[in-house]
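# Structural overview for review
Below are the chains, spelled out letter by letter.
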Amino acid sequence: RSISGFDVLVEEARRGTHEEREWTYVRKDGQHIPVTLLVTAMRDASGYITGYLEIAKDLTETKAAETALRVSEERYQVAVRGSSDGIWDWNILTNEIYYSPRWKALLEYADHEIANVPASLSSRLHPDDERGVAAAIQAHLAEDKPYDVEYRLRTKSGRYRWFRARGQAVWDDQGRPVRVAGSLTDITERKTAEQSLA
């Protein structure tokens, strides 16, 4: 049925439930304020409605933060898509890792062909490079030395290509590393040229 006027605010509360939804308040100066409004009915001993209680919470800061976050995420996605480097992001606490589609493409794989797990890197790492990579990440996490290391990874075709990995950790208030993110760059041509010169 059609509901209008004040009933729009209190219909759900009148039916015995409470209602919480977003509304827009208009201030005296004409400024629009987003709010979340909780409405409940007040009843007497016999259950008769004697009034309504409405609690409004200003969402201005929340909405601004949501907008800023969305813009930041869009900016990050555009940067990732426009980069020739692969992007990786490792959550140390959960041991979860993200490899961007470009990271996987550098190894000749489609996005769905490589799982976002640490083993996707370690299982493709050249055996001769394992010790150096482990030492570099340990030095970065323990002493904040720059994580900038070169190593070989096996591609889908079975060949090894040279890559340069750079990353930066984030530490919590207690000084424990919680996350490392960085980039992967194919440097095979440079390595080949260096070997030819040598």
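Residues numbered from 1 in each chain as written. Predicted model: local features only at pLDDT ≥ 70, side-chain atom pairs only at ≥ 80, totals over all residues. Heavy atoms only, no water.

This part is about the packing of aromatic side chains. Tallied over the full model, the rule gives two aromatic pairs. With 6.1 Å between their ring centres and 80° between their planes, W88 and Y147 make a pair best called edge-to-face. In this pair, W88 is assigned in strand β4 (residues 86-91) and Y147 in strand β6 (residues 147-154), connecting sequence segments 59 residues apart. Y147 carries the same exposure label as W88, and that label is buried. On the numbers, 3.9 Å between centres and 25° between planes, the contact of Y99 with W103 is stacked. Classification of Y99 as buried rests on a relative accessible area of 1%. Judged by its relative accessible area of 2%, W103 falls in the buried class. Seen from the ring of Y109, R124 lies directly overhead, with NZ or CZ sitting 4.9 Å from the centre. Lying across the ring of W162, K191 places its NZ or CZ 4.5 Å from the centre. (Phe/Tyr/Trp six-rings, centres within 6.5 Å; stacked < 30°, edge-to-face > 60°. Helix = DSSP H or I, 4+ residues; strand = E, 2+ residues; numbered from the N terminus. Buried < 20%, exposed > 50% of the residue type's maximum accessible area, 1.4 Å probe, protein only. Lys NZ or Arg CZ within 6 Å of the ring centre and 35° of its normal.)

Below, the discussion takes up the sheet that holds strand β2 (residues 32-43). Strand order in the open sheet made by the three strands is β1-β2-β3, with antiparallel pairing throughout. A single partner strand is all that each edge strand has here, and the edge strands are β1 (19-26) and β3 (49-58). On average, each strand axis in the sheet is tilted by 35° relative to the strand beside it, whichever way the strands run. Of the pairings in the sheet, the one linking β2 to β3 comprises nine bridges and is antiparallel in character. Of the residues in β3, the one forming a bridge with L38 is I55. Along the sheet face, helix α1 (residues 7-14) touches β1, β2 and β3 and points at about 40° away from the line of β2. (Pairing = 2+ DSSP bridges. Axes fitted to C-alpha atoms, helices over the stretch in contact; angles between N-to-C directions. Contact = heavy atoms within 4.5 Å.)

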